[in-house]
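Fold and geometry: a report
So the chains spell out like this:
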Amino acid sequence: MTPPSLSRDFTPACPVPLPAGRAVLLGHGSGGKLTADLIRQLFLPVHGGRELSRLGDAAVVRLGDVRVAFTTDSFVVKPAFFPGSDIGALSVNGTVNDLAMMGAVPRFLSAAMILEEGLPMEELGAVVASMAEACRKAGVELVTGDTKVVERGSADGLYVTTSGIGMVPPGIEVGPERARPGDRVIVSGPVGSHGVAVMSRRAGIEFEADLVSDTAPLTDLVAAMMRHGDVRCLRDATRGGVASALNELAEASGVSIVLDEEAVPVLDPVRGACEMLGLDPLYVANEGVCVAIVGPGDAGAILRAARFEPAGMGAAIVGEVGAGPPRVTLRTALGPTRPLIMLSGDQLPRIC
Ligand code: MG
């Protein structure tokens, strides 16, 4: 039998993922450009009603006179237990925060658990307890759920999908399309801690300093910020980090954003770990950090209000909004600017 000819029978693997490739890649779940392409090219043409096409963290729909925020999120983080938290708390906070990012008050959650045969009952119990504690802290109630089990080897222990609903108070208008030239950009706390905490456990690296996930509910922080001025856009900087969140907001609003590198807070151990692992903290996932675009006259008052909240103690004004076309640039510590693009794939797959 003759060996297959390279030109006819063999397609070399391309190191750069192709958006229109023939199979799903890990990068399609990264929250970066590949995810955005999948949504725009596959999902939106089929399902894209007006609300879905906004690409908010949650949909805001009307039920009679009431505006309800509604969202869903799956959690496949590997490993399920990591420094500072676990998949249980993450699955509650992630959905709670997506509701909060639309200015909603989160109320009720569902949880669907996909369990792998052989998962130690003790681990499942720990995840369930962690979810209960996170619900209590976030002021939400888990009111419905589902349990499925798949064969040994078909999942990494467990996956959790949560959905949530919340009420959008009258008069609150927060949306990804509301940024205007002159607005200021606030980041609610030091960036990169969650991704680095998970990655350190996965890589088996023990850092000397405490390096823990930032996962936390942002509900109280958002409420405090909205009480003190015009919060136009909010996005939790999860997969793809602050860089991706800002690119999405710039695109949705048709504006440019300049981010001041020196103003972005990064904890020293996170910065050190990023250097060691070759990661850019601006692209690393956060689970308790959001970016807010706020009216220019209100930025000082909103920042002060944020810093009074536990989740916003490290908040900082980090950038400014300009006219379109949509793009994000980074003003570096040395002075020049460079484009801050959306990554094609991901620095870190399965981070949440
Ligand atoms: Mg989100």
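Residues numbered from 1 in each chain as written. Predicted model: local features only at pLDDT ≥ 70, side-chain atom pairs only at ≥ 80, totals over all residues. Heavy atoms only, no water.

1. A closer look at the coordination of the magnesium ion
We apply this condition: The donor set covers N, O and S atoms within 2.8 Å of the metal, switching to 3.2 Å for Na, K and Ca, and it leaves out water, so a site may look short of donors. Secondary structure follows DSSP: runs of H or I at least 4 residues long count as helices, runs of E at least 2 residues long count as strands, and numbering of each begins at the N terminus.
Within the first shell, the magnesium ion binds the protein through Asp57 (OD), Asp98 (OD) and Asp236 (OD), at distances of 2.1 to 2.3 Å. Spacing between the donor residues of the magnesium ion along their common chain follows D-x40-D-x137-D. With Asp57 in the loop between helix H3 (50–53) and strand E1 (59–63) and Asp98 in helix H4 (residues 87–100), this pair connects stretches of sequence that are 41 residues apart.

2. As for the sheet that holds strand E8 (residues 184–187)
Heads up, the condition is: Strand pairing is defined by DSSP finding a minimum of two bridges between the two strands. Only C-alpha atoms enter the line fits that serve as axes; for helices the fit covers just the stretch in contact. Angles between N-to-C directions range over 0 to 180 degrees. Any pair of residues with heavy atoms lying within 4.5 Å of one another is described as a contacting pair.
The strand order across the open sheet formed by 7 strands is E9-E11-E8-E12-E10-E13-E14, and the pairing between neighbours is mixed. Two strands lie at the open edges of the sheet, namely strand E9 (231–236) and strand E14 (337–339), each paired on one side alone. Each strand axis lies, on average, 25° off the axis of its neighbour in the sheet, ignoring direction. Sitting on the sheet, helix H7 (residues 219–227) is in contact with E8, E9 and strand E11 (290–294), with an inclination near 165° to E9.

3. As for a nonpolar patch on the surface
As a reminder of what qualifies: The patches described consist of residues with a relative accessible area above 30% and no salt bridge, like charges being joined within 9 Å and nonpolar side chains (Val, Leu, Ile, Met, Phe, Trp, Tyr) within 5 Å. Residue burial considers only the protein chains on display, and all accessible areas are found by Shrake-Rupley using a 1.4 Å probe. Definition used for salt bridges: Asp or Glu carboxyl oxygen within 4 Å of a side-chain nitrogen of Lys or Arg. Summary of the burial criterion: residues with accessible area below 20% of their type's maximum are buried, those above 50% are exposed, and those between are partly exposed, where the area comes from a 1.4 Å probe applied to protein chains only.
On the surface, Val61, Leu63, Phe70 and Ile165 cluster together into a nonpolar patch covering about 350 Å² of accessible area. Tracing the sequence through the fold places Leu63 in strand E1. The exposure class assigned to Leu63 is exposed, which follows from its relative accessible area of 57%.

4. A word on the environment of His28
Relative to the elements of secondary structure, His28 occurs in the loop between helix H1 (6–9) and helix H2 (33–47). The spacing of His28 and Pro83 is 55 residues in sequence and 26 Å in space, taken between C-alpha atoms.

5. With respect to the nonpolar core
As a reminder, the rule being used: Take the buried residues of types Ala, Val, Leu, Ile, Met, Phe, Trp, Tyr and Cys, join any two whose side-chain atoms come within 4.5 Å, and each joined set is a nonpolar core.
One finds Leu158, Ile257 and Leu259 to be the most contacted residues of the largest nonpolar core, which totals 64 residues. For Ile257, the contacting residues outside a window of four places in its chain are Val185, Leu246, Ala250, Ile293, Glu320, Val321, Arg327, Val328 and Thr329. Counting 27 residues, the second-largest nonpolar core is a separate cluster that includes Met102, Val294, Ala299 and Leu303.

6. Things to note about the pairing of strand E2 (residues 66–75)
In this sheet, E2 lies alongside E1 in antiparallel orientation, the contact comprising 5 bridges. In the strand pairing of E2, Ala59 is matched with Phe70. Where E1 folds back onto E2 in an antiparallel hairpin, the turn is made up of 2 residues, including Gly64, whose phi is positive at roughly 65°. Relative to strand E7 (residues 158–167), E2 is paired through 8 bridges, and the arrangement is antiparallel. Among the inter-strand pairings, Ser74 is bridged to a residue of E7, identified as Thr161.

7. Describing the confidence of the model for the protein chain
The condition is simple: Per-residue confidence from the prediction method is given by pLDDT, with values spanning 0 to 100.
When the pLDDT values of the protein chain are averaged, the result is 91; 93% of them are 70 or greater. Segment residues 1–19 is flagged for pLDDT under 50; beyond a separation of four residues in sequence, or across chains, it makes 13 contacts in the model.

8. Overview of the packing of H4 against helix H5 (residues 121–138)
The criterion, for reference: With the far helix as reference, a near helix turned anticlockwise by less than a right angle produces a left-handed crossing, and one turned clockwise produces a right-handed crossing. Residue polarity is assigned by list, with Asp, Glu, Lys and Arg as charged and Ala, Val, Leu, Ile, Met, Phe, Trp, Tyr, Cys and Pro as nonpolar; anything else, Gly included, falls into the polar class.
Relative orientation of the contacting elements H4 and H5 amounts to 35°, with a least axis distance of 7 Å. The handedness of the crossing between H4 and H5 comes out as right-handed. Seen from H4, the contacting residues are Ile87, Gly88, Ala89, Ser91, Val92, Asn93 and Val96; seen from H5, they are Val127, Ser130, Met131, Ala134, Cys135 and Ala138. When grouped by side-chain class, the residues that make up the contact of H4 with H5 number 9 nonpolar, 4 polar and no charged.

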